[in-house]
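# Close look at the chain arrangement
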Amino acid sequence: MIPLVTFALLIFFNLISSSSSSQISISVTPKTLSKSGDFVTIKWTGIPSPSKLDFLGIYSPPSSLHDNFIGYIFLSSTPEWESGSGSISIPLVNLRSGYEFRIFRWTESEIVPDLVDHDHNPLPQTKHLLAVSEEVGFVSGRGPEQVHLALTGFEDEMRVMFVTPDGKESYVRYGLTRGRLGRVVKTRVVRYEKEDLCDAPANSSIGWRDPGYIHDGVMLNLKKGKKYYYQVGSDSGGWSTIYSFVSQNRDSGETFAFLFGDMGTATPYLTFLRTQDESKSTIKWISRDIEALGNKPALISHIGDISYARGYSWLWDNFFTQVEPVASRVPYHVCIGNHEYDWPLQPWKPDWSSYGKDGGGECGVPYSHKFHMPGNSSVPTGMHAPATRNLSYSFDSGPVHFVYMSTETNFLPGSNQFDFLKHDLESVDRVKTPFVVFQGHRPMYSSSSGTNDISLRKRMIEYLEPLLVKNNVNLVLWGHVHKYERFCPLNNFTCGSLALNGKERKAFPVQIVIGMAGQDWQPIWAPREDHPTDPIFPQPLQSLYRGSEFGYVRLHATKEKLTLSYVGNHDGDVHDKVEFLASGQLLSAGIRDGPADTVHVESKFSWYVKVGSVLMLGYFMGYVVGFISHARKNSADKGWRPIKAEEI
């Protein structure tokens, strides 16, 4: 029983709270939104004795319990908060349900140290409700959202996927002119339920939200290299806006692609997890580059750690809304990362690798349903959850053969994935596609990923690297480490010869880490005065360039040459570049000169003729590198010694 005094105090507090709340007003305009990204303005007045911790809770659906907000904003973030009044304008994403806003009083004395967000900041408590807004909704009949394209593996096709709230029969209509979308294909529809997800928060009341119905249609019989217009939806549910794309043309002899890992999504509010504000800049600059291409086909490659939803499903909706401006124009290709898949219940979790709870209980289910990549690779989950798809696949685009692998599922000899990769690499027609680009999430080489992935990397080097070297793969791209790092042509920690002295050239693959598209949990490469105890990752000799700036890489290939450029988000300019000839020859390479993290030099050079001081410099650098390499070979550890042990 509640003691009489305590009961009386509760009644007294509720009376005071009700009296205070009666003077507080909250309003929202407009009440109805047209589409994701539209803004609402929330205004409030009459809050007595405002606290810095008073906050606005954001709820969808409106029936959510107080603790199950999708996000929150502190009222003190507005300039006039101390007056007890203020306003906030934010964009909303259509979650196929209405929104409601609630204002709560929260004070420092009520902070619960154990209830924290992803950054270990205390989560707001919802004991003292001050005001509740009217419901805000999205107008019906405006058509589907979250439109994104993908290649199917057939040159005359283009896949399009989108989301509807009800799963009713929907279509794709398309044509060569905006006013005549005379060709129509029906979509198939899939959906996953809470029971399909393997654990919390993904299948709990905090993380789960209705994911809607995912539609999948394929536009057929496309002419090569033509601009097509398309629209998705139905007469009953409404039609989307009209989008456009340029169809593939493998005979064009040219390839354009934008590649990155670990981008995530940004939100206009705080939530249970840290979100990635820098992702907005990445999309902005890629949009610029797509626009500059005009009527040339291109593709995007996002190599793992995609939305960083990690069990909070509305972040997937936010991600697809954010990328739709580019993903509706060019095919958006992905491979699986630890934050889509990993969980202790998964069937393949070798004791020699770091497979934790990075996936938030999703276990690959949203990833497998929301994307449809070429091929039919899949692995069973061993649970109620359906098999995980979109693991290893490949396709041709102009003169480039793109290969994707899953670092989160079995890649050892004898596995289906190993057999696929081996057969695929051995079958590439290098006359048709002179360049091969190999991609996966966790890097085979990185001077920044600590001890957690050492065992996994050893097995990748032992079993996968021989396939890459034997089949003359040009370029190997990885994510997972949230920075840019380009290595020399590598084989078992050994740099290939640049043939400066006339010796036979060893054209090993160039490996590059490109996980710098948005996630800001980055390793540290240089000492910081305000963090004197933070571990530092020294730069090994094999690492030719390390960039700390967020961004992406831009690929352009012709039959003669492939160029990969690292574009920085703060200025949209190129900060590093590497070029290959179709012969496999590395045409340009970074040369370390000065402090490893601040100074670098790009140089083009002939492989056959060096004169004067350049020749002398080549011999001298070769002698120095050889001397240091010899000293390192005599050390106990081959390669470099990792320092940092915490998970990325």
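Note that this is a predicted model, so its numbers are computed, not measured.

### Quick notes on the overall build of the protein chain
Within the protein chain, the secondary structure is distributed over 8 helices and 36 strands. Considering the protein chain as a whole, with its 648 residues, one finds that 55% of them fall into the buried category. Here the contacts in the protein chain between residues at least 6 apart in sequence split such that 71% fall between residues at least 24 apart. With an accessible surface of roughly 27300 Å², the protein chain has 55% of that area assigned to carbon and sulfur atoms.

### Overview of the side chain of N471
As for its placement among the helices and strands, N471 is situated in the loop between α7 (454–470) and β27 (475–478). Residue classification places N471 among the buried residues on the basis of a relative accessible area of 13%. Ignoring any residue separated from it by four or fewer positions in sequence, one finds N471 in contact with L425, E426 and R430.

### With respect to the pattern of salt bridges
Per the stated rule, a full pass over the model turns up 23 salt bridges. Note that D216 is salt-bridged to R159, the shortest N-O span being 2.8 Å. You can see D216 sitting in strand β15 (residues 213–219) and its partner R159 sitting in strand β11 (residues 158–164), a full 57 residues away along the chain. For the pair D216 and R159, a shared accessibility class is recorded, and that class is buried. In this structure, D216 and R188 form a salt bridge, with 3.6 Å as the shortest nitrogen-oxygen distance. Here R188 lies in strand β14 (residues 188–190) and D216 lies in strand β15, a separation of 28 residues in the sequence. Bridged by salt links that share partners, the residues D342, E408, R442 and D453 form one connected network.

### Remarks on the state of the cysteines
Inspection of the entire model under this criterion finds 2 disulfides. Between the sulfur of C198 and that of C363 lies a disulfide, 1.9 Å long from S to S. Its S-S torsion of about 60 degrees marks the bond between C198 and C363 as right-handed, since a negative value means left-handed. Remark: C363 occurs in the loop between α4 (338–341) and α5 (365–370) and C198 occurs in the loop between β14 and β15; sequence separation between them is 165 residues.

### Examining the nonpolar core
Residues F101 and Y230 are the most contacted members of the largest nonpolar core, which totals 116 residues. In terms of residue count, the dominant contributor to this core is helix α3 (residues 314–327) (8 residues). W352, M460, L468 and F493 belong to the second-largest nonpolar core, a separate cluster that totals 28 residues.

### Points about the confidence of the model for the protein chain
Of the residues in the protein chain, 84% reach a pLDDT of 70 or more, and the chain-wide mean stands at 87. Predicted confidence for residues 4–21 stays below pLDDT 50, and this span has 6 contacts to residues more than four positions away or in other chains. Confidence drops under a pLDDT of 50 for residues 591–648, and excluding neighbours within four residues, the segment shows 90 contacts in the predicted structure.

### Re helix α6 (residues 416–426)
If you check which residues of α6 are buried, you get Q417, F418, L421, D424 and L425. Buried residues of α6, seen end-on, are gathered within an arc of 140 degrees and therefore sit on one face of the element. Exposed side of α6, more than 90 degrees from the buried face: N416 and H423 are the residues found there. Considering only its buried residues, α6 is in contact with β24 (393–397), β25 (400–404), β26 (435–439) and α7.

### Some details on the sheet that holds strand β7 (residues 100–105)
The strand order across the open sheet formed by 4 strands is β5-β4-β7-β8, and the pairing between neighbours is antiparallel. The open sheet has two free edges, formed respectively by β5 (71–74) and β8 (128–132), since each of these has just one partner strand. On average, each strand axis in the sheet is tilted by 30 degrees relative to the strand beside it, whichever way the strands run. Where strand β4 (residues 55–59) lies against β5, 4 bridges are found, and the strand directions are antiparallel. Residue pairing in the sheet places G57 in a bridge with Y72 of β5.

### Section: unusual backbone geometry
The omega torsion of the bond from S60 to P61 falls at 0 degrees, within 30 degrees of zero and hence cis. With respect to the helices, strands and loops of the structure, P61 is situated in the loop between β4 and β5. Despite not being glycine, N221 shows a phi value in the positive range, around 55 degrees. For N221, the position within the fold is in the loop between β15 and β16 (227–234).

### A few points about the environment of G264
Tracing the sequence through the fold places G264 in the loop between β19 (254–260) and α2 (279–293). Relative accessible area serves as the criterion here: at 0%, G264 is assigned to the buried category. On a C-alpha basis, the gap between G264 and S279 in space is 6.3 Å, while along the polypeptide they are 15 residues apart. Beyond its immediate stretch of four places on either side in the chain, G264 contacts Q276, S279, H302, D305, I306, S307, Y308, F319 and Q322.

### Examining the sheet that holds β11
Spatial ordering of the open sheet is given by β10-β11-β15-β14, a layout of 4 strands whose pairing is antiparallel. Looking at the sheet topology across the chains shown, the edges are occupied by β10 (145–150) and β14. The mean angle between the axes of side-by-side strands here comes to 25 degrees, regardless of whether they run parallel or antiparallel.

### Here's the deal with the packing of α6 against α7
Where α6 meets α7, the axes come as close as 10 Å, and the angle between the chain directions of the two elements is 10 degrees. It follows that α6 is roughly parallel to α7 by the angle criterion. For the pair formed by α6 and α7, the contact residues are F418, L421, K422, L425 and E426 on the first element and Y463, L464, L467, L468 and K470 on the second. Here the residues of the contact of α6 with α7 sort into 7 nonpolar, no polar and 3 charged.

Analysis parameters
- Residues numbered from 1 in each chain as written.
- Predicted model: local features only at pLDDT ≥ 70, side-chain atom pairs only at ≥ 80, totals over all residues.
- Heavy atoms only, no water.
- Helix = DSSP H or I, 4+ residues; strand = E, 2+ residues; numbered from the N terminus.
- Buried < 20%, exposed > 50% of the residue type's maximum accessible area, 1.4 Å probe, protein only.
- Contact = heavy atoms within 4.5 Å.
- Areas by Shrake-Rupley, 256 points an atom, 1.4 Å probe, with all protein chains shown as cover.
- Salt bridge = Lys/Arg side-chain N within 4 Å of Asp/Glu carboxyl O.
- Disulfide = S-S within 2.5 Å.
- Core = buried A, V, L, I, M, F, W, Y, C linked by side-chain atoms within 4.5 Å.
- pLDDT = per-residue confidence, 0-100.
- Arc of directions from axis to C-beta.
- Pairing = 2+ DSSP bridges.
- Axes fitted to C-alpha atoms, helices over the stretch in contact; angles between N-to-C directions.
- Parallel < 35°, antiparallel > 145°, perpendicular 65-115°, else oblique.
- Nonpolar A, V, L, I, M, F, W, Y, C, P; charged D, E, K, R; others polar.

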